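Working through the structure, step by step
So you can see what is in the structure, the chains are spelled out below.
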Amino acid sequence: MSSEPVDPDVATRQLARASLEQDDATGWFERLYSAAQNGQAVVPWDRGTAHVLLTDWVEVSEPDGAGKSALVVGAGTGWDAELIADSGFDTIAFDISPTAVETAKRAHPNSKATYQVADLLNPPAEWHRAFDLVVEIYTVQALPIPLQPTATRQVGELVRPGGTLLVIAAARDDDTPESAVEGPPWPLTQAAIEAFATDELRLIQLDKSPSPSDPALFRWRAEYLRD
Ligand SMILES: C[S@@+](CC[C@H](N)C(=O)[O-])C[C@H]1O[C@@H](n2cnc3c(N)ncnc32)[C@H](O)[C@@H]1O
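Residues numbered from 1 in each chain as written. Predicted model: local features only at pLDDT ≥ 70, side-chain atom pairs only at ≥ 80, totals over all residues. Heavy atoms only, no water.

As annotated in an unreviewed UniProt entry, the protein carries the name Methyltransferase domain-containing protein and is attributed to Kribbella sancticallisti.

Following this line, the structure appears as structure tokens:
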């Protein structure tokens, strides 16, 4: 007897909902990666390659990472971190899920990046304003909206003076009410993207582009510079 394959997005949302109902905003990530490791789930955001907007940024900006440090937030299976490490940055990539970290290490056995477990909401003190480049892709939006302001502030606090923050996120219209968003994910409004900026962390470039897989969906790519 054959059973219908379950849409990975639907299965992931069910897992997340069960976790959120227990007031646990992040426990489902480990459960998902662990189920995927056992062949019982698919990680829907695992693209098997770096995000196209990050690849494009690297190709256009040609950052020279020699002698510089980078931190990749919520790095998942590591494809973005690999691109950054290959650009010469001394790269740390972290994730809250130990199995994600293990999976990333296994997927990239010759990696120049260092993969480790850490929580964006409570990062190691020595990371405070420590990195020349911080890359955040789809992590803040994976957290419920009430947690996003704290996560956003923590991301910015990882960037050292003179350093760059690059954020890639799904976009939500400013006039879509929070109650209408059935996350995860909870895409970011323009106000939420602008909220990464502070007096010292300036938004220097903001692009909004349609998703290649669904032109009705839009993504932000935002670049900030810490004075
Ligand atoms: C939607 S996935 C995106 C993964 C990766 N950045 C990408 O674009 O493929 C969100 C990732 O953030 C991680 N994550 C969620 N909350 C986190 C936290 N508080 N600290 C660190 N990582 C977190 C999850 O385990 C997951 O790997």
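1. Digging into a negative patch on the surface
For clarity, the threshold we go by: Here, patches come from residues exposed beyond 30% relative accessible area and free of salt bridges, joined within 9 Å for like charges and within 5 Å for nonpolar side chains (Val, Leu, Ile, Met, Phe, Trp, Tyr). Calculation of accessible area relied on Shrake-Rupley with a 1.4 Å probe; when residues are assessed, cover is drawn exclusively from the protein chains displayed. Put simply, a salt bridge is a Lys or Arg side-chain nitrogen that is within 4 Å of an Asp or Glu carboxyl oxygen. His residues and chain termini do not enter the charge count, which takes Lys and Arg as positive and Asp and Glu as negative. Charge placement uses NZ in Lys and CZ in Arg. For Asp and Glu, CG and CD serve respectively. A run of H or I in DSSP counts as a helix once it spans at least four residues, and a run of E counts as a strand once it spans at least two, with each numbered from the N terminus.
Judged by side-chain charge, Asp173, Asp174, Asp175 and Glu194 come together as a negatively charged surface patch. Position of Asp173 among the secondary structure elements: in the loop between strand 5 (159-170) and helix 7 (190-194).

2. Comments concerning the nonpolar core
Inclusion rule: In this text, buried Ala, Val, Leu, Ile, Met, Phe, Trp, Tyr and Cys residues form a nonpolar core when linked through side-chain atoms within 4.5 Å. Type-normalised accessible area, obtained with a 1.4 Å probe on protein chains alone, sets the label of each residue: buried when under 20%, exposed when over 50%, and partly exposed for intermediate values. Two residues form a contact once any of their heavy atoms are found within 4.5 Å.
Among the nonpolar cores identified, the biggest contains 27 residues, and Leu71, Trp127, Val134, Leu165, Ile193, Phe196 and Tyr224 are the most heavily contacted of them. Looking at this core, the elements that each hand over two or more residues are strand 1 (69-73), strand 2 (90-95), strand 4 (131-137), helix 6 (148-156), strand 5 and strand 7 (218-226). The dominant element in this core, judged by the number of residues it contributes, is strand 5, at 4 residues. Excluding residues within four positions of it along the chain, Val134 makes contact with Leu71, Val73, Val155, Leu158, Val159, Thr164, Leu165 and Leu166.

3. Here's the deal with the packing of aromatic side chains
For clarity, the cut-off: In this scheme Phe, Tyr and Trp rings, the latter by its six-membered ring, pair at centre separations within 6.5 Å, and the angle between planes marks the pair as stacked below 30 degrees, edge-to-face above 60, and tilted otherwise. We count a charge as sitting over a ring when the NZ of a lysine or the CZ of an arginine lies within 6 Å of the ring centre and within 35 degrees of the ring normal.
In the structure shown here, the tally under the stated rule is 7 aromatic pairs. Seen from their ring centres, Phe196 and Tyr224 are 5.8 Å apart, and the 45° between their planes marks the pair as tilted. Note that Phe196 is positioned in the loop between helix 7 and strand 6 (201-210) and Tyr224 in strand 7, a separation of 28 residues in sequence. Taken together, the ring pairs connect Trp28, Phe29, Tyr33 and Trp45 into an aromatic cluster. A cation sits over an aromatic face here: Lys208 above Phe218, 5.6 Å from the ring centre.

4. Overview of the site of the ligand
Stated formally: Throughout, near means a residue has at least one heavy atom within 4 Å of the molecule or strand. Definition of a polar contact: a pair of N or O atoms within 3.5 Å, with one able to donate and the other able to accept a hydrogen when the atoms are protein atoms, and with sequence-neighbouring residues admitted only if both atoms are side-chain atoms. Under the scheme applied here, ten amino acids are nonpolar (Ala, Val, Leu, Ile, Met, Phe, Trp, Tyr, Cys and Pro), four are charged (Asp, Glu, Lys and Arg), and all others, including Gly, are polar.
Neighbouring the ligand are 18 residues; Tyr33, Gly74, Asp95, Asp119 and Ile137 lie closest to it. Between the ligand and Tyr33, the relevant distance is 2.6 Å, taken from an oxygen atom to a side-chain nitrogen or oxygen of the residue. Surface burial for the ligand is 96%, taken as the share of its 590 Å² of free accessible area covered by protein chains. Secondary-structure elements contributing two or more residues to the shell around the ligand are helix 2 (27-37) and strand 2. Taken together, the residues of the shell around the ligand sort by class into 10 nonpolar, 4 polar and 4 charged.

5. Here we look at the pattern of salt bridges
Close approach of charged atoms allows side chains with opposite charge to pair. Taken as a whole and judged by the stated rule, the model has 12 salt bridges. We note a salt bridge from Arg226 to Glu200, for which the minimum N-O separation is 3.5 Å. Of this pair, Arg226 sits in strand 7 while Glu200 sits in the loop between helix 7 and strand 6, and the two are 26 residues apart along the sequence. You can call Arg226 buried: its relative accessible area is 3%. Taken together, the salt bridges that share partners define one network made up of Arg129, Glu157, Glu200 and Arg226.

6. Comments concerning the packing of helix 2 against helix 5 (residues 98-107)
We apply this condition: Note on geometry: axes are lines fitted to C-alpha atoms, helical ones only across the stretch in contact, with angles between N-to-C directions running from 0 to 180 degrees. These descriptions rest on fixed angle ranges, namely under 35 degrees for roughly parallel, over 145 for roughly antiparallel, 65 to 115 for roughly perpendicular, and the rest for oblique.
Relative orientation of the contacting elements helix 2 and helix 5 amounts to 45°, with a least axis distance of 7 Å. Between helix 2 and helix 5, the angle is such that the two are oblique. Seen from helix 2, the contacting residues are Glu30, Tyr33, Ser34 and Gln37; seen from helix 5, they are Pro98, Thr99, Ala100, Glu102, Thr103 and Arg106. Across the contact of helix 2 with helix 5, the residue classes break down as 3 nonpolar, 4 polar and 3 charged.

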